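Reading the structure
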Amino acid sequence: MVKLSLSLVFSLMFSNPVFSQSKEIVASFGESLPPWVIEEGPTGILVNLLQDCLEPSGYQLKPKTLPYARRIAEYLTNQVSVVTDINEKTIAERGLKGYYTGDIYAYENFLFSLSERALKVNKIADLAEYSLISWQGAIAHIGGEYAAMATQNRKYSETHNQKTQLRMLLSKRVDFIQMDGQIYQFYRQELINDNEFDETVAVDRAPLFGKSPNGFLFKSEAARDACVTNLKLIKENNKYKDILYFGS
């Protein structure tokens, strides 16, 4: 009778979604961030990176793409168990609780302008004189000298649609755009393919901002530890070598 009861208990446990999906990880990603996050699938560099750091330990990733600002909101309300594109500064400012991987990958932001306009800036503060459109959340994420410039610049704006940034640059509606180099290359090629961008048009690129390191914030300590362990192996195999940041 005892054996039958135990068998019944285990049968019920593993047929219950709470137990059968206990190793499912729901993660929030900002939408419209190709090639980092591509909504179709979803897939992209960042989705693949998180998947590769979890699957060797038996976790199943369920990616969820959201408007960029909402990815944190859903973490706070326990609708997701991992939030991406997080750093220590954002964790402190938003009072986020969880287990951080540390900085493990990095965007590299550049300032772009049309070469024909010959606009020159030597430091971030110089941008206060120009119109500039950046990505949503840049002021909070970068902070420091950048935030001081942006809050004083009436011609500064942010958008969640980074393809729009490039269109505004090409149409000369803004002097500068600020975005990650890989995102710029992705949208540049898309606009060329759609005949919206003449590939002979020269664009200047200035590395004023350096790299912007980020990581993943987990609700589960065990899942965070597994991710970090597996990422070290991934780094040794030189996968994602152009974007991995931790331990460097």
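The preceding data block contains the structure.
Residues numbered from 1 in each chain as written. Predicted model: local features only at pLDDT ≥ 70, side-chain atom pairs only at ≥ 80, totals over all residues. Heavy atoms only, no water.

1. A look at helix α8 (residues 162-170)
Formally: The classification of residues rests on relative accessible area computed with a 1.4 Å probe and restricted to protein chains. Under 20% of the type maximum is buried, over 50% is exposed, and intermediate values are partly exposed. Comment: elements are numbered from the N terminus, with helices defined as DSSP H or I runs of at least four residues and strands as E runs of at least two. Here, residues are in contact when the closest pair of their heavy atoms is within 4.5 Å.
Those residues of α8 not exposed but buried are Gln-162, Lys-163, Gln-165, Leu-166, Met-168 and Leu-169. In this fold, the buried residues of α8 make contact with β5 (105-114), β6 (132-135), β7 (156-159), β8 (176-180), α9 (181-193) and β9 (203-206). Just past α8, the residue Lys-172 takes up positive phi, approximately 65°.

2. Side note on empty space enclosed by the protein
Worth spelling out the cut-off: Cavity: a set of points on a 1 Å grid over the protein atoms alone where a 1.4 Å probe fits but cannot get out. Pocket: an open set with protein on both sides within 12 Å along at least five of seven lines, its lining residues, like those of a cavity, having an atom within 4 Å of a point. Grid points are joined across faces, edges and corners, and a volume is the space filled by probe spheres set on the points. Just so you know the grouping, Ala, Val, Leu, Ile, Met, Phe, Trp, Tyr, Cys and Pro go in nonpolar, Asp, Glu, Lys and Arg go in charged, and all remaining residues, Gly too, go in polar.
Per the stated rule, a full pass over the model turns up one cavity of 30 Å³ or more. Approximately 170 Å³ is the volume attributed to the largest cavity. Taken together, 16 residues make up the lining of the largest cavity; nearest its centre are Leu-33, Tyr-68, Asp-85, Trp-135 and Gln-162. Considering only residue class, the lining of the largest cavity consists of five nonpolar, eight polar and three charged.

3. Some thoughts on the packing of aromatic side chains
To keep it simple, the criterion reads: Aromatic rings from Phe, Tyr and Trp, taking only the six-membered ring of Trp, are treated as a pair when their centres fall within 6.5 Å; an angle between ring planes under 30 degrees marks them as stacked, one over 60 as edge-to-face, and anything in between as tilted.
What the rule picks out here adds up to ten aromatic pairs. Taken together, a centroid distance of 5.5 Å and an interplanar angle of 35° make the contact between Tyr-105 and Phe-216 tilted. Residue Tyr-105 is located in strand β5, and its partner Phe-216 is located in strand β10 (residues 211-218); the two are separated by 111 residues in the primary sequence. The two residues Tyr-105 and Phe-216 agree in class, both being buried. Relative to Phe-112, the ring of Phe-110 has its centre 6.2 Å away and its plane inclined at 55°; by these criteria the two rings are tilted. Looking at Phe-110, the relative accessible area reads 11%, which means it is buried.

4. Brief notes about the packing of helix α3 (residues 45-54) against helix α10 (residues 221-236)
Here is the rule: Between N-to-C directions, angles span 0 to 180 degrees; the directions come from axes that are lines fitted to C-alpha atoms, helices contributing only their stretch in contact. By the definition adopted for this analysis, an angle is roughly parallel if under 35 degrees, roughly antiparallel if over 145, roughly perpendicular if from 65 to 115, and oblique otherwise.
The contact between α3 and α10 brings their axes to 7 Å, and the two run at 105°. On the basis of their axis angle, the class for α3 and α10 is roughly perpendicular. On α10, the residues touching Leu-49, Leu-50, Asp-52, Cys-53 and Leu-54 of α3 are Ala-223, Ala-226, Cys-227, Asn-230, Leu-231 and Ile-234. Among the residues forming the contact of α3 with α10, the class breakdown is nine nonpolar, one polar and one charged.

5. Observations regarding the layout of surface pockets
Looking at the largest pocket, its volume works out to about 220 Å³. Those elements that place two or more of their residues in the lining of the largest pocket are α4 (70-76), α5 (88-94) and α6 (138-142). Counting residues per element, the lining of the largest pocket draws most heavily on α5, at three residues. The residue makeup of the lining of the largest pocket, split by class, is four nonpolar, four polar and four charged.

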